[in-house]
Amino acid sequence: MSTERSEQVIIDTNFTTIHTLGRKNEGRRLRYMQKDGRFPVVFQKAPGYWTPYLMDIFTTLVEIRWRVTLLGFSLSYILSWLFFGLCYWLIAKVHGDIDDVSNSPCVENVRGFTGAFMFSMETQATIGYGFRGMTENCMVAIILVTVQDVFSCLLDTIVIGIVIAKMASARKRAQTVGFSSCAVVNLRDRVLCLSWRLGDFRGNHILEGVVKAMLVRYMKQPGGSVVMSYQDVYIQDRDIVLATPATIVHKLEPGSPLYSMGPDDLLGEDFELVVSFTYNGDSTGMLHQSRTSYTPADIRWGQRFQDMLKLGKKHYKVDYALFNVTTWVPVPLLSAEELDRRGRPVEGSLSRGPLVALGKRNTCRKNTHNTGEVMQQTCL
C-alpha cells in the first residue's frame with residue numbers, strides 16, 4: 001500500500017523561477033504530463049513573482065477561475081459606485097445641500113450619503129429613474145458625472161471582453177478533441193509501428209492540424225535536482241484531416257528513440273511519450289491544442305485498434321464506443337532493431353503465440369470471445 005507524502009522534486013532550470021513537482025504517491029512515478037494534458041508543476045514564489053501577471057493583466061483575468069472573475073467584477077462595480085457616491089456626498093456637503101434644505105442643490109434630491117450612492121449607481125448603470133438629476137449649480141459635479149460615464153464605458157468594455165474571451169477559451173474546445181487511452185505496437189507493411197488514435201468528439205470537421213510527439217526522460221541528480229531530456233519522435237504524416245478519427249503512426253526505424261526497445265525492455269524503461277495536436281477551430285478560427293502523454297504502462301505490444309469506421313448508404317458511420325478498444329494481433333516479441341537483424345516477417349504470417357501483457361502494469365479489461373482466436377481489450 002502506498003502512503004501519502006509531500007515530497008518535492010526540484011527541476012534545475014536557467015530561469016529565476018524555481019519549478020517544483022509535487023509527488024502524490026510514493027509507489028507511483030510522477031508523470032511529466034497528466035492524461036488530460038495538464039502539467040503537475042508548482043511555481044515557488046521568487047522575487048518579482050507577481051510582475052508577469054500584473055504586466056499581462058488581461059490574460060491573467062482570462063485564466064483565473066470563473067468564481068474569482070465574477071467576484072472581481074462584482075466588487076469593481078460596487079466599489080466604483082461607493083467611490084463616486086462618496087464624491088457626490090462630499091460635493092453636496094461642501095456646497096451646503098445637506099445642512100440647508102432651501103439651498104439650490106448640485107444634485108436634485110441628494111441630501112445624504114444614501115441619496116448620493118443611489119445617484120452614483122443610477123448614473124453608472126444608466127437607469128435614470130427621473131427622481132435624482134444633475135443641475136447647473138456645480139461645475140465640479142458636472143465634471144464628476146462626465147468622468148463616471150467614461151469610466152463606466154471602459155469598465156463595461158473590459159468586463160464584456162473578458163467574459164467573451166473566457167467563454168471562447170481554447171482550452172474548452174481542446175477538451176472535445178481527444179487521444180486514445182493507450183498506444184499500441186503492431187506490424188504495418190512489415191515494419192513495427194507505434195500508433196495511437198485521435199478523434200474529434202464534437203463531430204466538427206477539422207481540415208487542418210499538425211501532430212507532434214516527443215519522448216521525455218528525467219534523471220534525478222544526487223543534489224535533488226532533475227535533468228530533463230527531450231527527443232523528437234518522427235511522424236511521417238503530421239498534417240491531419242480530422243473529418244473522421246485518425247490513427248497516428250510512428251515507425252520504429254533506425255533513429256527512433258524506441259528502435260532498440262522490445263516488450264520486455266518497456267518494463268524497465270522510465271520515459272513519457274508526450275503527443276499534441278495543434279489546429280484551428282472551424283467555428284471561431286482560434287488556435288487550439290490538445291495533448292496527452294503515454295508511459296510504458298500505456299503501450300500495448302501486439303495489439304491494434306478496432307475498426308470504428310463503417311460505410312453506410314448515405315453516410316460514413318463512426319462508432320466512438322470502439323475508440324479505445326484494441327484487438328490482439330500476431331507480433332514478434334522483439335525490438336525493431338532485433339527484428340531487422342533477423343529479417344522482417346510477413347505481416348499476418350506469425351503463429352498466435354503468447355503476447356506480452358506488461359505484467360501488472362497492464363490495466364486493460366479483457367473481453368475473451370468463444371472463437372478462441374480474438375481477444376479484445378478496452379483501455380481504461
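Taking an unreviewed UniProt entry as the reference, the protein is identified by name as Inward rectifier potassium channel 16-like belonging to Notothenia coriiceps. Quoted straight from UniProt, the Subcellular location (unreviewed entry) entry for the protein says "Membrane".

**Q** Got a sec to walk through the confidence of the model for the protein? Specific residues and values, please.
**A** Here the protein averages 78 in pLDDT, while 77% of its residues score no lower than 70. pLDDT under 50 marks residues 350-375. Its contacts with residues more than four places away, or in other chains, come to 58 contacts.

**Q** Help me get a handle on helix α4 (residues 113-124), residues and values and all.
**A** An ideal rise of 1.5 Å per residue puts 16 Å on 12 residues; α4 measures up with 16 Å between its terminal C-alpha atoms. Looking only at α4, the buried set comprises G115, A116, F119, S120, M121, E122, T123 and Q124. The inward-facing, buried residues of α4 contact α3 (66-95) and α5 (139-167).

**Q** Please set out the pattern of salt bridges residue by residue, giving values where relevant.
**A** Per the stated rule, a full pass over the model turns up 10 salt bridges. A salt bridge links E337 to R341; the nearest nitrogen and oxygen atoms lie 3.7 Å apart. With E337 and R341 both in helix α8 (residues 336-342) and 4 residues apart, the pair spans about one turn of that helix. Since its relative accessible area comes to 30%, E337 is described here as partly exposed. R341 sits in the exposed class, given a relative accessible area of 59%. Where E338 meets R342, a salt bridge forms, and the shortest distance between an N and an O atom there is 2.9 Å.

**Q** Outline the UniProt feature "transmembrane region" (unreviewed entry) in the protein, supporting the account with residue identities and numerical values.
**A** The feature "transmembrane region" (unreviewed entry), as annotated in UniProt, sits at residues 68-91 and 139-165 in this numbering. Annotated as 100% helix and 0% strand, the span residues 68-91 places its first and last C-alpha atoms 34 Å apart. Regarding residues 139-165, the helix share stands at 100% and the strand share at 0%, and the terminal C-alpha atoms are separated by 39 Å.

**Q** Can you break down the packing of α4 against α5 residue by residue, with the values?
**A** One can describe the packing of α4 onto α5 by two numbers: an axis separation of 9 Å at closest approach and a directional angle of 50°. Relative to α5, α4 is oriented oblique. In this structure, α4 meets α5 at a crossing whose hand is right-handed. Seen from α4, the contacting residues are F119, S120, T123 and Q124; seen from α5, they are V145, Q148, D149, F151, S152 and L155.

**Q** Break down the packing of aromatic side chains for me, with residues and values.
**A** Enumeration according to the criterion identifies 10 aromatic pairs in this entry. Ring geometry for F201 versus F323: centroids 5.5 Å apart, planes at 80°, classification edge-to-face. Separated by 122 residues along the polypeptide, F201 in the loop between β6 (191-200) and β7 (209-220) and F323 in the loop between β15 (316-318) and β16 (325-328) bring together distant segments of the chain. Residue F201 is classed as partly exposed on the basis of its relative accessible area, which comes to 44%. Here F323 falls in the buried class, since its relative accessible area comes to 4%. Taking the centre distance of 5.0 Å and the plane angle of 20° together, the rings of F277 and Y279 count as stacked. Accessibility classification places F277 together with Y279 in one group, the buried group.

Scoring rules and cut-offs
- Residues numbered from 1 in each chain as written.
- Predicted model: local features only at pLDDT ≥ 70, side-chain atom pairs only at ≥ 80, totals over all residues.
- Heavy atoms only, no water.
- UniProt positions renumbered as here; feature names shortened; annotations may be inferred.
- pLDDT = per-residue confidence, 0-100.
- Contact = heavy atoms within 4.5 Å.
- Helix = DSSP H or I, 4+ residues; strand = E, 2+ residues; numbered from the N terminus.
- Expected span 1.5 Å × (residues − 1).
- Buried < 20%, exposed > 50% of the residue type's maximum accessible area, 1.4 Å probe, protein only.
- Salt bridge = Lys/Arg side-chain N within 4 Å of Asp/Glu carboxyl O.
- Axes fitted to C-alpha atoms, helices over the stretch in contact; angles between N-to-C directions.
- Parallel < 35°, antiparallel > 145°, perpendicular 65-115°, else oblique.
- Left-handed = near helix turned anticlockwise from the far one by under 90°.
- Phe/Tyr/Trp six-rings, centres within 6.5 Å; stacked < 30°, edge-to-face > 60°.

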